[in-house]
Amino acid sequence: MTDPASDVTRDDVTRDDVCVAACADAWRGDGAILASPTGAIPRLGARLAQLTFAPDLLLTDGEATLEYRGAGEGWLPYRAVFQLVAAGRRHVMMGASQLDRYGNQNISCVGDWARPHRQLLGVRGAPGNTVNHATSYWVPKHTPRVFVEHVDMVCGVGYDRPAGPFHELRVVVTDLAVLDFATPDHRMRLRSVHPGVTVDEVRAATGFDLTVPARVPVTREPSAAELALIGGLRR
């Protein structure tokens, strides 16, 4: 089926396209804040959001130039980012080497932190991000090695730890599903499965018991107009 507004057909939709749209939706309703996506799929998602339903979203080129529709529109030196962080005027989408059911994130090491058998990035800005403003996660490969019962080291702060009034873990987007923490005790919940993925597949790829509603919807596919924008952004 072809949308007359575009020559892109629904048969052209890939899993990556679905993930880009899901990442874009993470910033829906945020208004004029700084979006800080980490990785190619989240960055495409943030730019898609800015081009469609979130025109007030602020994006940088990854360094210090604020961009709008691909053109420079301002200057945001690194030191000024910390002012936005402290003011809560930012929504970051980070990666995660490990995540547990309460959203504690690890990007520092695997194994005992005193003598790890894998050294990773270090905590970086994860603690400050999670206690000061909205945080989401992008996980390109949903496996039990990432979604674990307990993280080996807490970098990003989860819901079972004191984090203050500005703590908000929005969504986790993976190659299989979208997850969130919209439960009474803030345990991770399966929000939607991507087209072609089953609930059982997501459960099998998760190292703890997910909260699964009685009815799990399918993640939306991008519209033909959005697909055309995604294609242009990729090029």
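Please refer to the structure higher up on the page.
Residues numbered from 1 in each chain as written. Predicted model: local features only at pLDDT ≥ 70, side-chain atom pairs only at ≥ 80, totals over all residues. Heavy atoms only, no water.

1. What to know about helix α2 (residues 40-51)
Because each turn of an α-helix spans 3.6 residues, side chains separated by three or four positions in sequence point in the same direction.
Right, so step 1: Taking 1.5 Å per residue as the helical rise, α2 with its 12 residues ought to reach 16 Å, and the 17 Å between its terminal C-alpha atoms agrees with that figure.
Right, so step 2: Burial runs high along α2: nine of the 12 residues are buried.
Right, so step 3: When α2 is considered as a whole, its buried residues turn out to be I41, P42, L44, G45, A46, L48, A49, Q50 and L51. (Helix = DSSP H or I, 4+ residues; strand = E, 2+ residues; numbered from the N terminus. Expected span 1.5 Å × (residues − 1). Buried < 20%, exposed > 50% of the residue type's maximum accessible area, 1.4 Å probe, protein only.)

2. Examining the sheet that holds strand β11 (residues 168-174)
Right, so step 1: Reading across from one edge, β1-β5-β10-β11-β12-β13 is the order of the six strands in this open sheet, with mixed pairing throughout. Where the open sheet ends on each side, the last strands, each with one partner, are β1 (34-37) and β13 (189-193). Each neighbouring strand pair of the sheet contributes to a mean axis angle of 15°, computed without reference to strand direction.
Right, so step 2: Helix α1 (residues 15-26) rests against β5 (90-94), β10 (134-139), β11 and β12 (177-180) of the sheet, and its axis sits at about 175° to β11.
Right, so step 3: Packing against the sheet, α2 makes contact with β1, β5 and β10, and its axis sits at approximately 155° to β1. (Pairing = 2+ DSSP bridges. Axes fitted to C-alpha atoms, helices over the stretch in contact; angles between N-to-C directions. Contact = heavy atoms within 4.5 Å.)

3. Considerations on the side chain of N106
Right, so step 1: Looking at where N106 falls in the secondary structure, it is placed in strand β7 (residues 105-106).
Right, so step 2: Among the polar contacts listed, one links the side chain of N106 to the side chain of Q98, at a separation of 2.9 Å.
Right, so step 3: At a separation of 2.6 Å, a polar atom in the side chain of N106 contacts the main-chain carbonyl oxygen of C109.
Right, so step 4: Among residues more than four places away in sequence, those in contact with N106 are A96, S97, Q98, V151, D152, M153 and C155. (Polar contact = N/O pair within 3.5 Å; in protein donor to acceptor, adjacent residues only side chain to side chain.)

4. So, unusual backbone geometry
Right, so step 1: A positive phi angle is found at R124, which is not glycine, with a value near 50°.
Right, so step 2: Backbone geometry places H186, a non-glycine residue, at a positive phi of 60°.
Right, so step 3: Mapped onto the elements of the fold, H186 is located in the loop between β12 and β13.
Right, so step 4: Judged by relative accessible area, H186 falls into the partly exposed class, the value being 32%.

5. Details of the pattern of salt bridges
Right, so step 1: In this structure the tally under the stated criterion is 13 salt bridges.
Right, so step 2: Across the pair D17 and R234 runs a salt bridge, and its minimum N-O distance is 3.0 Å. Of this pair, D17 sits in helix α1 while R234 sits in helix α6 (residues 224-234), and the two are 217 residues apart along the sequence.
Right, so step 3: Classification of R234 by relative accessible area gives partly exposed; the value is 42%.
Right, so step 4: Put simply, E149 and R101 hold a salt bridge, and the shortest N to O gap is 2.2 Å. Of this pair, E149 sits in the loop between β10 and β11 while R101 sits in the loop between β6 (98-99) and β7; the two residues are 48 residues apart in sequence, bridging distant segments of the chain.
Right, so step 5: Ionic contacts of the salt-bridge type, sharing partners, join the residues D25, R28, R220 and E226 into one network. (Salt bridge = Lys/Arg side-chain N within 4 Å of Asp/Glu carboxyl O.)

6. Here's the deal with the side chain of Q105
Right, so step 1: Locating Q105 in the fold gives a position in strand β7.
Right, so step 2: In this structure, Q105 is in contact with M94, G95, A96, Q98, L99, A126, Y137, M153, V154, C155 and G156, ignoring residues within four places of it in sequence.

7. Concerning the sheet that holds strand β2 (residues 59-60)
Right, so step 1: If you trace the three strands from one edge of the open sheet to the other, you get β2-β3-β4, paired in antiparallel fashion. Of all the strands in the sheet, the pair left with one neighbour each is β2 and β4 (71-75).
Right, so step 2: Note that β2 and strand β3 (residues 65-68) share two bridges and pair antiparallel. From the neighbouring strand, T60 faces β3, where its bridge partner is L66.

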